[in-house]
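Each chain, written out:
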Amino acid sequence: MSEPVTRLGLQIPYFNFEGTPPERLLDRLTEIATTAERSGFDSIWVMDHLIQIPSVGAQELWMLEGNMALMAIAARTSALKLGLMVGGVTYRNPALHAKMTTTLDVLSGGRAIHGIGAAWFDAEHEQYGFRYPPIAERFERLEDHLNIARAMFTQERPSYEGRHHSISGVLNNPRPIRGDVPIMVGGGGERKTLRLVARYADASNVFGDAAQVRHKVSVLEGHCEAVGRDPAEITKTRLGTLIVADTHEAAQRKLANLRPGLDAVRLGAWVGGPDEIAEQARAHLDAGLDGLIFNLSDVEDLESVELAGRVLREAV
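Cut-offs used in this document
Residues numbered from 1 in each chain as written. Predicted model: local features only at pLDDT ≥ 70, side-chain atom pairs only at ≥ 80, totals over all residues. Heavy atoms only, no water. Axes fitted to C-alpha atoms, helices over the stretch in contact; angles between N-to-C directions. Helix = DSSP H or I, 4+ residues; strand = E, 2+ residues; numbered from the N terminus. Parallel < 35°, antiparallel > 145°, perpendicular 65-115°, else oblique. Left-handed = near helix turned anticlockwise from the far one by under 90°. Contact = heavy atoms within 4.5 Å. Buried < 20%, exposed > 50% of the residue type's maximum accessible area, 1.4 Å probe, protein only. Pairing = 2+ DSSP bridges. Core = buried A, V, L, I, M, F, W, Y, C linked by side-chain atoms within 4.5 Å. Expected span 1.5 Å × (residues − 1). Arc of directions from axis to C-beta. Polar contact = N/O pair within 3.5 Å; in protein donor to acceptor, adjacent residues only side chain to side chain. Salt bridge = Lys/Arg side-chain N within 4 Å of Asp/Glu carboxyl O.

**Quick look at the packing of helix α3 (residues 94–107) against helix α5 (residues 135–154)**
Here's step 1: It is the contact of α3 with α5, at a shortest axis distance of 9 Å, that shows an interaxial angle of 40°. In terms of orientation, α3 lies oblique with respect to α5. For the element pair α3 and α5, the recorded crossing hand is right-handed. Residues P94, A95, H97, A98, K99, T101 and T102 of α3 lie in contact with α5, whose contacting residues are H145, I148, A149, M152 and F153.

**Thoughts on the pairing of strand β5 (residues 112–117)**
Moving residue by residue along a regular strand, the side chains alternate between the two faces of the sheet.
Here's step 1: By the criterion of burial, β5 is predominantly enclosed, with six of the six residues buried.
Here's step 2: Of the two faces of β5, both are covered, the one formed by A112, H114 and I116 as well as the one formed by I113, G115 and G117.
Here's step 3: Pairing of strand β3 (residues 81–84) with β5, which is carried by two bridges, proceeds in the parallel orientation. When the sheet's bridge partners are listed, L82 is paired in β5 with A112.

**Re the nonpolar core**
Here's step 1: I12, L242 and V299 are the most contacted members of the largest nonpolar core, which totals 78 residues.
Here's step 2: Per-element tally for this core: the top contributor is α5, with seven residues.
Here's step 3: Every residue in contact with V299, bar those within four places of it in the chain, is listed here: L10, Q11, I12, P13, Y14, F17, I32 and V305.

**Here's the deal with helix α7 (residues 210–227)**
Here's step 1: With 18 residues, α7 should cover 26 Å at 1.5 Å per step; its first-to-last C-alpha distance of 26 Å lies within 8% of that length.
Here's step 2: Within α7, burial applies to V213, V217, V219, L220, H223 and C224. The arc enclosing the buried residues of α7, seen along the axis, measures out at 160°, which places them on a common side. Exposed residues pointing more than 90 degrees away from the buried face of α7 are listed as A211, E225 and A226.
Here's step 3: Two or three places before A211, at the opening of α7, D209 has a side-chain oxygen 3.2 Å from that residue's backbone nitrogen.

**Thoughts on the pattern of salt bridges**
Here's step 1: Applying the stated criterion across every chain, the model contains 17 salt bridges.
Here's step 2: The closest approach of N and O atoms between E31 and R28, which form a salt bridge, is 2.5 Å. Here E31 pairs with R28, and both are found in helix α1 (residues 25–39), just three residues apart, close to one helical turn.
Here's step 3: Between R141 and E137 there is a salt bridge, with its nearest N and O atoms 2.8 Å apart.

Structural data, given as structure tokens:
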């Protein structure tokens, strides 16, 4: 795919918004998404978790099923691309997951991104009755998933026999609007994850500072060379947390007053005023990224969403 899968993405990592009961949650999500759309973000993301993860809050906090949430947001927006950051390979049969993403793509007018990874949160597997395979098997399942998803997005009646999953002359009608759906693989594992990105994916999302990003991009380029692929075909992004305000001092006050449960993000967050954030964005893009994706520490604050989009769209 010639165009970057995303340049600037906003992830909504939690759903407990002050003063927002469940029956108003879709309206609040709509306000966040449409503000992001107007402010310069080109994609919106939700996590693929069934209970809240430790770095964001207690398990008892609200969590929406990701594909359903994206479909609702799709109906209330017109341009934002929509993806899971990223889907867990253990939660769904890969053919069903590909069908769900195709449905999102068709009903959103061609805006779906198929995010997928090897899964990690053992607590939700136990609670929901999913088997949590060893890491080697999860990567085998991920490779099956990537083959099945691509075949279902692009072929009329594909068949595939994998180690753990197969399809046989499967119909996936109607087909994706664009004739394909971009696939993003999440994670920066150098031996397995980035090798699978080089072979199968359109986008790679990693974590880390500028030096770590530069290293991951270099590793990915090596895997691309091994399989004869141009690394420029793959959109490279980084997911991180952003705490932005009109001044450095105001951003530091936000950091000091993070909502309960977000303390774990302190060490990795970008914190600052517009110039500081723009400088960090440029440094990471110079390290080899094509785009940036952010959790906002106060994503329900529409002024913060607007400020983040306005500051970052210039750099990106």
